[in-house]
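# Structure at a glance
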Amino acid sequence: MTKADIVERIYEKVGFSKKESAELVDLVFDIMKGTLETTDKIKIAGFGNFVVKQKADRRGRNPQTGDEIIISARRILTFKPSQVLKASINK
């Protein structure tokens, strides 16, 4: 499913115009992105948790040359589905 598909479904089910639906989807994604940039977690009941985790520096290897390199620390985003979502998927 793409962002355009989400906009289309909101247009069909709620009755907003396509422009309003697109603005609504963009606003939700902007709020989520801003929240994850500043905090570490978004919890949506019945859906799941988006969690930002910190990964430390680690040693890696260049597969072409075999040289050791240091992979820098970074933040990663993970998603853990709720039990309700898991149950609905596995019906």
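As a starting point, this report considers the structure included with it. Within each chain, residue numbers correspond to sequence positions counted from 1 in written order. Selection of residues for local features in this predicted model requires a pLDDT of at least 70, selection of side-chain atom pairs for listing and counting requires 80 or more, and totals for whole chains, interfaces and linings are taken over all residues. Just so you know, side-chain values use all the structure's heavy atoms and leave hydrogens and water out.

Right, let's talk about the pairing of strand 4 (residues 68-71) for a bit. Bridge count for strand 3 (residues 58-61) against strand 4 is four bridges, and the pairing is antiparallel. If you follow Gly 60 over to strand 4, its bridge partner there is Ile 69. Only when DSSP finds a minimum of two bridges between them are two strands counted as paired. Only DSSP runs of H or I reaching four residues or more are called helices, and only runs of E reaching two or more are called strands; each is numbered from the N terminus.

A word on the nonpolar core. Counting residues in each nonpolar core, the largest one holds five residues, listed as Met 32, Leu 36, Ile 42, Phe 50 and Val 52. Secondary structure elements with two or more residues in this core: helix 2 (18-38) and strand 2 (48-55). Throughout this description, the term nonpolar core refers to a set of buried Ala, Val, Leu, Ile, Met, Phe, Trp, Tyr and Cys residues connected via side-chain atoms within 4.5 Å. The cut-offs for exposure are 20% and 50% of the maximum accessible area for each residue type, with area from a 1.4 Å probe on protein chains only; residues under the lower value are buried, those over the upper are exposed, and the others partly exposed.

For the rest of this paragraph, the subject is a positive patch on the surface. Together, Lys 41, Lys 43, Lys 53, Lys 80 and Lys 86 give the surface a local cluster of positive charge. Positionally, Lys 43 belongs in strand 1 (residues 41-44). Look at Lys 43 and you get exposed, because its relative accessible area is 67%. For patch building, the residue pool is restricted to those with more than 30% relative accessible area and no salt bridge; the joining distance is 9 Å between like charges and 5 Å between nonpolar side chains (Val, Leu, Ile, Met, Phe, Trp, Tyr). Here the open area of atoms and residues is found with the Shrake-Rupley method and a 1.4 Å probe, where only the protein chains shown may cover a residue. The term salt bridge refers to a side-chain nitrogen of Lys or Arg lying within 4 Å of a carboxyl oxygen of Asp or Glu. Only four residue types enter the charge count, namely Lys and Arg as positive and Asp and Glu as negative; His and the chain termini do not. Every charge is mapped onto a representative atom, which is NZ of Lys, CZ of Arg, CG of Asp or CD of Glu.

Sheet topology note: the strand 1/strand 2 ladder contains four bridges and is antiparallel. Counted as the bridge partner of Lys 41 is Val 51 from strand 2. Between the antiparallel neighbours strand 1 and strand 2 lie three residues, among them Gly 46 with a positive phi of about 80 degrees.

In this scheme Phe, Tyr and Trp rings, the latter by its six-membered ring, pair at centre separations within 6.5 Å, and the angle between planes marks the pair as stacked below 30 degrees, edge-to-face above 60, and tilted otherwise. Summed over the entire model, instances satisfying the criterion amount to three aromatic pairs. On the basis of an interplanar angle of 50 degrees and a centroid distance of 5.4 Å, the ring pair of Phe 47 and Phe 79 is categorised as tilted. Pair noted here: Phe 47 is in the loop between strand 1 and strand 2 and Phe 79 is in strand 5 (residues 74-81), with a separation of 32 residues, a long-range link. For Phe 79, a relative accessible area of 35% gives the class partly exposed. Judged by centre distance (4.8 Å) and plane angle (45 degrees), the rings of Phe 50 and Phe 79 are tilted. Within this pair, whereas Phe 50 is found in strand 2, its partner Phe 79 is found in strand 5, the two being separated by 29 residues in sequence. Among the aromatic side chains, those forming a connected cluster through ring pairs are Phe 47, Phe 50 and Phe 79.

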